[in-house]
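# Descriptive structure summary
Residue-level listing of the chains:
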Amino acid sequence: MPTDNTARIIHQKISPDFERTISHLENLMIVVCDFKNGPMKKPDPPHSHPHEQITYVAEGELIFFRGAEELHLKKGDIVTIPSGAPHCIKTISNHVRLVDSFNPVRKDFLD
């Protein structure tokens, strides 16, 4: 993935099926998430956080669960997640790439 400032880029291999690439400033974070575990039989467990989040689907197809909503998303779609809203995903395609933006920065991703 090309970048103009590799010193501020963090690559994390969380599992064989999930990797993320992170960059951030003081108040804004972008995270590119690559899921290679689809199609999933069931969604991952819901989670929430105090950060506002906007997610862009760069590749693939998935079901995005936001509270009681089920959103069928594909390449080019965008979803917003308010602070504290429970959410999770279920991948439909083999590979899903999401681009997440967070405010404030997710310090838990940096530890």
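Our subject in this report is the structure included herewith. (Residues numbered from 1 in each chain as written. Predicted model: local features only at pLDDT ≥ 70, side-chain atom pairs only at ≥ 80, totals over all residues. Heavy atoms only, no water.)

Tallying secondary structure elements over the chain gives zero helices and nine strands in all. Helices and strands appear in the chain in the N-to-C order β-β-β-β-β-β-β-β-β. Across its three principal directions, the C-alpha atoms of the chain cover 35 × 30 × 25 Å. Among the 111 residues that make up the chain, the fraction classed as buried is 38%. The long-range share in the chain, meaning contacts at least 24 apart out of those at least 6 apart in sequence, stands at 63%. Total accessible area on the chain stands at roughly 6800 Å², and carbon and sulfur atoms take up 55% of it. The chain carries 13 positive and 15 negative side-chain charges, and their two centres are separated by 4 Å. (Helix = DSSP H or I, 4+ residues; strand = E, 2+ residues; numbered from the N terminus. Buried < 20%, exposed > 50% of the residue type's maximum accessible area, 1.4 Å probe, protein only. Contact = heavy atoms within 4.5 Å. Areas by Shrake-Rupley, 256 points an atom, 1.4 Å probe, with all protein chains shown as cover. Lys, Arg positive; Asp, Glu negative; His and termini not counted. Charge placed at Lys NZ, Arg CZ, Asp CG, Glu CD.)

On a regular strand, one side chain projects to one face of the sheet and the next to the other, so that they alternate. Most of strand β8 (residues 87-91) sits inside the fold, with four of its five residues counted as buried. Examined bridge by bridge, strand β5 (residues 61-66) and β8 share five bridges and lie antiparallel to one another. Bridge pairing links Ile63 to Lys90 in β8. (Pairing = 2+ DSSP bridges.)

Time to look at the packing of aromatic side chains. Scanning the model with the defined rule gives two aromatic pairs in all. Considering the side-chain rings of Phe18 and Phe35, the 4.7 Å spacing of their centres and the 25 degrees angle between planes classify their relative orientation as stacked. Taken together, the residues span a long stretch of sequence, with Phe18 in strand β2 (residues 18-24) and Phe35 in strand β3 (residues 29-35) at a distance of 17 residues. Taken individually, Phe18 and Phe35 each receive the classification buried, so the pair is uniform in this respect. Ring geometry for Phe102 and Phe109: centres 5.8 Å apart, planes at 85 degrees, overall edge-to-face. The residues Phe102 and Phe109 share a single accessibility class, namely buried. Positioned over the ring face of Phe102 is Arg106, at 5.3 Å from the centre of the ring. (Phe/Tyr/Trp six-rings, centres within 6.5 Å; stacked < 30°, edge-to-face > 60°. Lys NZ or Arg CZ within 6 Å of the ring centre and 35° of its normal.)

Quantified by volume, the largest pocket comes out at close to 290 Å³. Around the largest pocket, the lining comprises 20 residues; the ones closest to its centre are Phe35, Asp44, His47, Gln53 and Asp100. For the lining of the largest pocket, the secondary structure elements donating two or more residues are β2, β3, β4 (52-59), β8 and β9 (96-103). In the lining of the largest pocket, the residues fall into 11 nonpolar, five polar and four charged. (1 Å grid on protein atoms, 1.4 Å probe; cavity = no way out; pocket = protein on both sides within 12 Å on 5 of 7 lines; lining within 4 Å. Points joined across faces, edges and corners; volume = space filled by probe spheres on them. Nonpolar A, V, L, I, M, F, W, Y, C, P; charged D, E, K, R; others polar.)

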